[in-house]
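Observations on chain architecture
Listed below are the residues making up each chain.
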Amino acid sequence: GAVVSQHPSWVICKSGTSVKIECRSLDFQATTMFWYRQFPKQSLMLMATSNEGSKATYEQGVEKDKFLINHASLTLSTLTVTSAHPEDSSFYICSASPPGQGTYNSPLHFGNGTRLTVT
Amino acid sequence: GENVEQHPSTLSVQEGDSAVIKCTYSDSASNYFPWYKQELGKRPQLIIDIRSNVGEKKDQRIAVTLNKTAKHFSLHITETQPEDSAVYFCAASIMGPYAGFQKLVFGTGTRLLVSP
């Protein structure tokens with residue numbers, strides 16, 4: 001159980017274009033999803049917390065107008081990288097936790113990730 | 001904010017040896033500490049986690065210990081095998097933007113290489 005699916009797994013786009021990445025929880029409802037970015041040989045950096053039906057919360061230094069997050073349903077969150085530039089090339093990973101675990105957080109399950117290359 | 005430090009950054013061991021990776025955190029409110037294994041180009045996979053109400057947890061060859069007073073936790077892998085080679089990340093929970101929900105801050109990762 002607790003499967004998180006992410007699409008596409010890789011994408012190459014030209015500088016200035018926009019790219020949309022989808023994250024789906026397949027066997028549970030996720031009121032909250034998290035978007036991470038990982039540069040080569042580096043750690044996972046949280047970009048934003050996506051909450052179903054409301055605005056996402058962005059981490060410090062992450063441009064909300066550049067990284068648009070939409071969480072329109074309990075099983076789908078999307079990240080759109082707008083006007084992409086080569087420095088946006090990275091591995092983007094979404095994650096979600098099954099709900100209802102009481103006081104402590106549920107284990108976080110990750111999608112397969114999307115490798116974005118901006119040329 | 002929360003800061004999670006992880007050591008060592010790289011660790012090379014011989015097959016059959018034990019491997020230990022250590023992490024420290026700064027936020028005393030953190031109460032959930034998972035460990036993830038990430039193979040090249042793949043998603044992080046949860047291998048073990050521990051909550052603040054216990055000091056140690058074991059799952060076959062993998063164990064995690066937590067010292068809340070000192071704010072550090074460690075991953076122990078015994079009888080290492082070549083397939084254990086990967087990057088391992090620790091993480092600590094911090095309060096998220098919504099009541100009752102926490103988010104994770106990750107350590108910098110440890111590249112473990114197990115030689116046959």
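Residues numbered from 1 in each chain as written. Chains lettered and ligands numbered in written order. Predicted model: local features only at pLDDT ≥ 70, side-chain atom pairs only at ≥ 80, totals over all residues. Heavy atoms only, no water.

What chain B contains, in helices and strands, is 0 helices and 11 strands. Counting from the amino terminus, helix and strand elements in chain B follow one another as β-β-β-β-β-β-β-β-β-β-β. The C-alpha radius of gyration computed for chain B amounts to 14 Å, which stays within 12% of the reference 13 Å derived for 116 residues, consistent with globular compactness. In terms of its C-alpha atoms, chain B occupies a principal-axis envelope of roughly 45 × 30 × 20 Å. Residues classed as buried in chain B amount to 47% of the 116 residues present. For chain B, the proportion of contacts with a sequence separation of at least 24, taken over those separated by at least 6, is 54%. (Helix = DSSP H or I, 4+ residues; strand = E, 2+ residues; numbered from the N terminus. Rg over C-alpha atoms; globule rule 2.2 N^0.38 Å. Buried < 20%, exposed > 50% of the residue type's maximum accessible area, 1.4 Å probe, protein only. Contact = heavy atoms within 4.5 Å.)

Let us look at the state of the cysteines. Under the defined criterion, the tally for this structure stands at 2 disulfides over all chains. Each sulfur in the disulfide pair Cys 23 of chain A and Cys 94 of chain A lies 2.0 Å from the other. Negative torsions about the S-S bond denote left-handed disulfides, and the value of about 80 degrees found for Cys 23 of chain A with Cys 94 of chain A makes this one right-handed. Residue Cys 23 of chain A is found in strand S3 (residues 19-25), and its partner Cys 94 of chain A is found in strand S9 (residues 90-96); the two are separated by 71 residues along the sequence. The buried category is assigned to Cys 23 of chain A, whose relative accessible area is 0%. What pairs with Cys 23 of chain B in a disulfide is Cys 90 of chain B, and their sulfur atoms sit 1.9 Å apart. Residues Cys 23 of chain B and Cys 90 of chain B are joined by a disulfide whose S-S torsion is about -100 degrees; by sign, that bridge is left-handed. (Disulfide = S-S within 2.5 Å.)

Right, let's get into the sheet that holds S3 of chain A. Residue and element names in this part refer to chain A. One open sheet holds the 4 strands; their spatial order is S1-S3-S8-S7, and the pairing between them is antiparallel. One side of each edge strand has no neighbouring strand; the edge strands of this open sheet are strand S1 (4-7) and strand S7 (67-73). Sheet twist, expressed as the average angle between the axes of neighbouring strands with direction ignored, equals 15 degrees. (Pairing = 2+ DSSP bridges. Axes fitted to C-alpha atoms, helices over the stretch in contact; angles between N-to-C directions.)

This next bit is on the confidence of the model for chain A. Model confidence for chain A is summarised by a mean pLDDT of 89, while 92% of its residues fall at 70 or above. By mean pLDDT, the top-scoring element of chain A is strand S11 (residues 114-118) of chain A (97), and the lowest-scoring one is strand S10 (residues 109-110) of chain A (88). (pLDDT = per-residue confidence, 0-100.)

With that settled, the discussion passes to the packing of aromatic side chains. Considering all chains together, one arrives at 10 aromatic pairs over all chains under this definition. Consider the rings of Tyr 36 of chain B and Phe 106 of chain B, whose centres lie 5.7 Å apart with planes at 50 degrees: the pair is tilted. On the criterion of sequence distance, the pair formed by Tyr 36 of chain B in strand S4 (residues 32-38) and Phe 106 of chain B in strand S10 (residues 102-106) is long-range, its members being 70 residues apart. The exposure class of Tyr 36 of chain B is buried, given its relative accessible area of 0%. On the basis of relative accessibility, which here comes to 6%, the residue Phe 106 of chain B falls in the buried class. Feature note: the residues Tyr 36 and Phe 110 of chain A together with Tyr 36 and Phe 106 of chain B constitute an aromatic cluster, connected by ring pairs. Lys 66 of chain A extends its terminal NZ or CZ atom over the ring of Phe 67 of chain A, reaching a point 6.0 Å from the ring centre. (Phe/Tyr/Trp six-rings, centres within 6.5 Å; stacked < 30°, edge-to-face > 60°. Lys NZ or Arg CZ within 6 Å of the ring centre and 35° of its normal.)

Our focus in this paragraph is unusual backbone geometry. The omega torsion of the bond from His 7 of chain A to Pro 8 of chain A falls at 0 degrees, within 30 degrees of zero and hence cis. Mapping Pro 8 of chain A onto the fold places it in the loop between S1 and strand S2 (10-13). Residue Pro 8 of chain B is bonded to the preceding His 7 of chain B through a cis peptide linkage, with omega at -5 degrees. Within the secondary structure layout, Pro 8 of chain B lies in the loop between strand S1 (4-7) and strand S2 (10-14). Even without being glycine, Ser 83 of chain A reaches a positive phi, approximately 45 degrees. Mapped onto the elements of the fold, Ser 83 of chain A is located in the loop between strand S8 (76-81) and S9. Looking at Ser 83 of chain A, the relative accessible area reads 33%, which means it is partly exposed. The phi dihedral of Gln 60 of chain B is positive, around 55 degrees, even though this residue is not glycine.

With that settled, consider the interface of chain A and chain B. The interface is formed by 28 residues belonging to chain A together with 24 residues belonging to chain B. Roughly 2200 Å² is buried in total at the junction of chain A and chain B, and carbon and sulfur atoms are behind 55% of that figure. Counting the contacts that link chain A with chain B gives 1 salt bridge. In this structure, the salt-bridge partner of Glu 59 of chain A is Lys 103 of chain B, at a minimum N-O distance of 2.5 Å. For the side of chain A that touches chain B, the secondary-structure elements that each account for two or more residues are strand S4 (32-38), strand S5 (45-51) and S9 of chain A. Tallying contributions element by element places S4 of chain A first for the side of chain A that touches chain B, with 4 residues. (Buried area = accessible area lost by both parts, 1.4 Å probe. Salt bridge = Lys/Arg side-chain N within 4 Å of Asp/Glu carboxyl O.)

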